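Now for the letters of each chain:
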There are 2 protein chains.
Amino acid sequence: MSEPRARVIPEATVARLAVYLRVLTGLAEGGRSSVSSGELASAAGVNPAGLRKDLSYLGPCGVRGVGYAVPALRERLARALGVEEARSCVLVGMGNLGSALAGYAGFGSRGFSFVGLLDADPARVGEVVGGTAVRPVDDLEDVVAEHGVTIAVVTTPAVVAQQVCDRLVAAGVRSIVNFAPVALVVPAGVDVRQVDLSVELQVLAFLDQQKGVHLVADRETEQVALP
Amino acid sequence: MSEPRARVIPEATVARLAVYLRVLTGLAEGGRSSVSSGELASAAGVNPAGLRKDLSYLGPCGVRGVGYAVPALRERLARALGVEEARSCVLVGMGNLGSALAGYAGFGSRGFSFVGLLDADPARVGEVVGGTAVRPVDDLEDVVAEHGVTIAVVTTPAVVAQQVCDRLVAAGVRSIVNFAPVALVVPAGVDVRQVDLSVELQVLAFLDQQKGVHLVADRETEQVALP
DNA sequence: CACTGTGAAATTCTTCACAGCG
DNA sequence: CGCTGTGAAGAATTTCACAGTG
């Protein structure tokens, strides 16, 4: 019961660590050996002080007066995020979005490996996407068991997302990213991250509209004549 | 200079309003006429009190003791989000992801209309996705001008995202959703929303890893023998 | 001396409890 | 009586300023 140090990493920080990891991978491929918080922050689109605070949750990992060693920091981040060794995932629903995700080479280099691509449409089965053949969705339980998969990505139509989710959970999956526009119901102990691709567009539409607002009455429900 | 009421809507709320709008659209199609905060909240995956608070930024819009009128609330949300009338957008980069977004019927029903689908690959030009023909990326400035587009979606490879962005901004676009894994640099007055599809997966990997942690030493850098 | 690491302040966001109305 | 609307408490997150170190 004695926790030596409650160095809990805030979730907002975890999300940014993933971005830093991507940037660092790019720098490493470019042969860079060190980088300052300012440069890394601007490449990641965040402010430098925030970046340093984020990294501080991993304990000291830079060199004062110099910056951060690119390969060392990269490894540290990968370990912290749990992707030091490739993690096996399944992806259910090989529509446009599923294919896009499966074909995205970035995942491989970031510690994820799709060991199963599943689809209910027999016409799609056998198709090879990103080096892996699509299998029938009936193989779900087998694939999960074979590879000890704990992470799944759901890109099915909304109407079947919940039943796919139920099967995944029953098969032993404990972490799910859901792109279908429905809120999934899962038992305690299972994590679901809901991603809605259109939300960002709507936020943008809102901000865009705000820009055009310079002189507008308080009322939205009624327009009244001006004096 | 006299603001009548600083009823500013927090950004986190705006993002959720977009989700409520989607749920309400589903309810409306199902013929529902009213809904309570509890039901709406569970369908949206949030807590009821938070939902009520979110809606309160739009001013009172429910009936006490009953709930919310579905069509009225839907209209109110659409207006608040700036999608009461369909907004014209361009999408640049018709790879897998671009095609997925362009083909997603949800956008049409949620107030967005892609008036231009652009790609640099001549092989893709002419292809019809979601009812719109793909045009060469050279038409970018023309399409933006023709339709007075202010919102753009970038789904190009990372290496060309910045130059595409520059052209969009020069053509008059003020709001951009960027799916390419680079931080775009834009002048003041232009909004960029960065979306990284792999971040959610990485956050999940982190949480998944945490679950397995029950007895672990403080040190990450060294493994020591146990007594 | 430049740049990291970090407490402390400021801000934003979430949750709670209950007043208020149909 | 049931469910909305909301101030106020609480938690999380961001920002700041500066001490500390190679």
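Before any of the text, the structure's been laid out above.
Please read these numbers as outputs of a predicted model, since none were measured by experiment.

Let us now look at the interface of chain A and chain B. Each side of the interface is counted separately: chain A has 66 residues, and chain B has 66 residues. Considering only the side of chain A, the residues that lose the most area to chain B are Leu 201, Gln 202 and Leu 204 of chain A, jointly responsible for 12% of the buried surface there. In this structure, the connection of chain A to chain B is made through ten salt bridges. Across the chain A-chain B interface, the total number found is 25 residue pairs in polar contact (both at pLDDT 80 or more). The biggest single contributor to the side of chain A that touches chain B is helix α9 (residues 197-211) of chain A, with 14 residues.

Residue and element names in this part refer to chain A. Read from one edge to the other, the open sheet built from seven strands follows the order β5-β6-β4-β3-β7-β8-β9, with strand pairing classed as mixed. In the strand order of this sheet, the two ends are held by β5 (128-129) and β9 (191-194), each with one partner. Alignment of strand β7 (residues 151-154) against strand β8 (residues 175-178), held across four bridges, turns out to be parallel. Among the inter-strand pairings, Ile 151 is bridged to a residue of β8, identified as Ser 175. Strands in contact with helix α7 (residues 140-147) are β3 (87-92), β4 (112-119) and β6 (132-136); relative to β4, the strand with the most contacts, it is inclined by about 165 degrees.

All names here are of chain A. Per the counting criterion, the structure on display carries six aromatic pairs over all chains. A ring pair is formed by Tyr 104 and Phe 107, whose centres lie 5.2 Å apart and whose planes are at 80 degrees; its orientation type is edge-to-face. According to the relative accessible area criterion, Tyr 104 is partly exposed, its value standing at 31%. Here Phe 107 falls in the buried class, since its relative accessible area comes to 3%.

Attention shifts here to the protein's contact with DNA strand C. In the neighbourhood of DNA strand C, 22 residues make up the surrounding shell, with Ser 37, Arg 52, Cys 61 and Gly 62 of chain A together with Arg 16 of chain B lying closest. Within the backbone of Cys 61 of chain A, an N or O atom sits 2.8 Å from a phosphate oxygen of DNA strand C. Here Arg 64 of chain B contributes a side-chain N or O atom positioned 3.1 Å from a base nitrogen of DNA strand C. The set of elements that each furnish at least two residues to the surface near DNA strand C consists of α3 (48-56) of chain A together with α1 (11-29) and α3 (48-56) of chain B. Tallied by class, the residues present in the surface near DNA strand C amount to eight nonpolar, seven polar and seven charged.

Another point: the protein's contact with DNA strand D. By nearness alone, 21 residues border DNA strand D, and Arg 16 of chain A together with Ser 37, Cys 61, Gly 62 and Tyr 68 of chain B come closest of all. Expressed as a percentage, the sugar and phosphate content of the atoms of DNA strand D within 4 Å of the protein is 59%. Separating a phosphate oxygen of DNA strand D from a backbone N or O atom of Gly 62 of chain B is a distance of 2.7 Å. A distance of 2.9 Å separates a phosphate oxygen of DNA strand D from a polar atom in the side chain of Tyr 68 of chain B. Taken together, the elements giving at least two residues each to the surface near DNA strand D come down to α1 (11-29) and α3 of chain A together with α3 of chain B. Counting residues per element, the surface near DNA strand D draws most heavily on α3 of chain B, at three residues. Looking at the surface near DNA strand D residue by residue, the classes come out as seven nonpolar, seven polar and seven charged.

For the rest of this paragraph, the subject is α1 of chain A. Here α1 of chain A contains 19 residues, and its C-alpha end-to-end distance of 28 Å stays within 8% of the 27 Å for a straight helix at 1.5 Å per residue. Three or more residues of α1 of chain A are buried, namely Thr 13, Val 14, Leu 17, Ala 18, Val 19, Tyr 20, Leu 21, Arg 22, Val 23, Leu 24, Thr 25 and Leu 27 of chain A. Elements that come into contact with the buried residues of α1 of chain A comprise β1 (34-35), α2 (37-44), α3 and α4 (70-81) of chain A together with α9 (197-211) of chain B. A positive phi of about 85 degrees marks Gly 31 of chain A, the residue just after α1 of chain A.

Moving on, we get to the sheet that holds strand β5 (residues 128-129) of chain B. Residue and element names in this part refer to chain B. With respect to topology, seven strands assemble into an open sheet ordered β5-β6-β4-β3-β7-β8-β9, the strand pairing being mixed. Strands at the two margins of the open sheet, each flanked by one partner only, are β5 and β9 (191-194). Relative to the sheet, helix α7 (residues 140-147) contacts β3 (87-92), β4 (112-119) and β6 (132-136), its axis offset from that of β4 by approximately 165 degrees.

Once that is clear, we can look at the pattern of salt bridges. The tally for this structure, following the rule as stated, stands at 28 salt bridges over all chains. Across the pair Asp 208 of chain B and Arg 87 of chain A runs a salt bridge whose closest N-O atoms are separated by 2.6 Å. You can see Asp 208 of chain B sitting in helix α9 and its partner Arg 87 of chain A sitting in strand β3, one on each of two chains. In this structure, Arg 167 of chain A engages Glu 141 of chain A in a salt bridge whose closest nitrogen and oxygen atoms are separated by 2.9 Å. Of this pair, Arg 167 of chain A sits in helix α8 (residues 158-171) while Glu 141 of chain A sits in helix α7, placing them 26 residues apart in sequence.

Here two copies of a chain appear, and what relates them is a rotation about an axis with a shift along it. Aligned on chain B, chain A shows an RMSD of 0.1 Å; the corresponding rotation is 180 degrees and the shift along the axis is 0.0 Å. Here the two chains are linked by the operation of a two-fold rotation axis. The share of interface residues of chain A whose copies in chain B are also at the interface is 100%, consistent with both copies meeting through the same surface.

This brings us to the side chain of Arg 22 of chain A. Mapped onto the elements, Arg 22 of chain A comes out in helix α1. Exposure remark for Arg 22 of chain A: the relative accessible area of 14% places this residue in the buried category.

All names here are of chain A. Relative to β6, β4 runs parallel, the two being bridged by three bridges. Considered in β6, the bridge of Leu 118 is made with Arg 135. Examined bridge by bridge, β5 and β6 share two bridges and lie antiparallel to one another. Paired with Val 128 across the two strands is Ala 133, which belongs to β6. Where β5 folds back onto β6 in an antiparallel hairpin, the turn is made up of two residues, including Gly 130, whose phi is positive at roughly 60 degrees.

Reading the values: the criteria
- Residues numbered from 1 in each chain as written.
- Chains lettered and ligands numbered in written order.
- Predicted model: local features only at pLDDT ≥ 70, side-chain atom pairs only at ≥ 80, totals over all residues.
- Heavy atoms only, no water.
- Contact = heavy atoms within 4.5 Å.
- Buried area = accessible area lost by both parts, 1.4 Å probe.
- Salt bridge = Lys/Arg side-chain N within 4 Å of Asp/Glu carboxyl O.
- Polar contact = N/O pair within 3.5 Å; in protein donor to acceptor, adjacent residues only side chain to side chain.
- Helix = DSSP H or I, 4+ residues; strand = E, 2+ residues; numbered from the N terminus.
- Pairing = 2+ DSSP bridges.
- Axes fitted to C-alpha atoms, helices over the stretch in contact; angles between N-to-C directions.
- Phe/Tyr/Trp six-rings, centres within 6.5 Å; stacked < 30°, edge-to-face > 60°.
- Buried < 20%, exposed > 50% of the residue type's maximum accessible area, 1.4 Å probe, protein only.
- Near = heavy atom within 4 Å.
- Nonpolar A, V, L, I, M, F, W, Y, C, P; charged D, E, K, R; others polar.
- Expected span 1.5 Å × (residues − 1).
- Least-squares fit on C-alpha atoms with pLDDT ≥ 70 in both.

Note that all results are geometric; they support no functional claim without further evidence.
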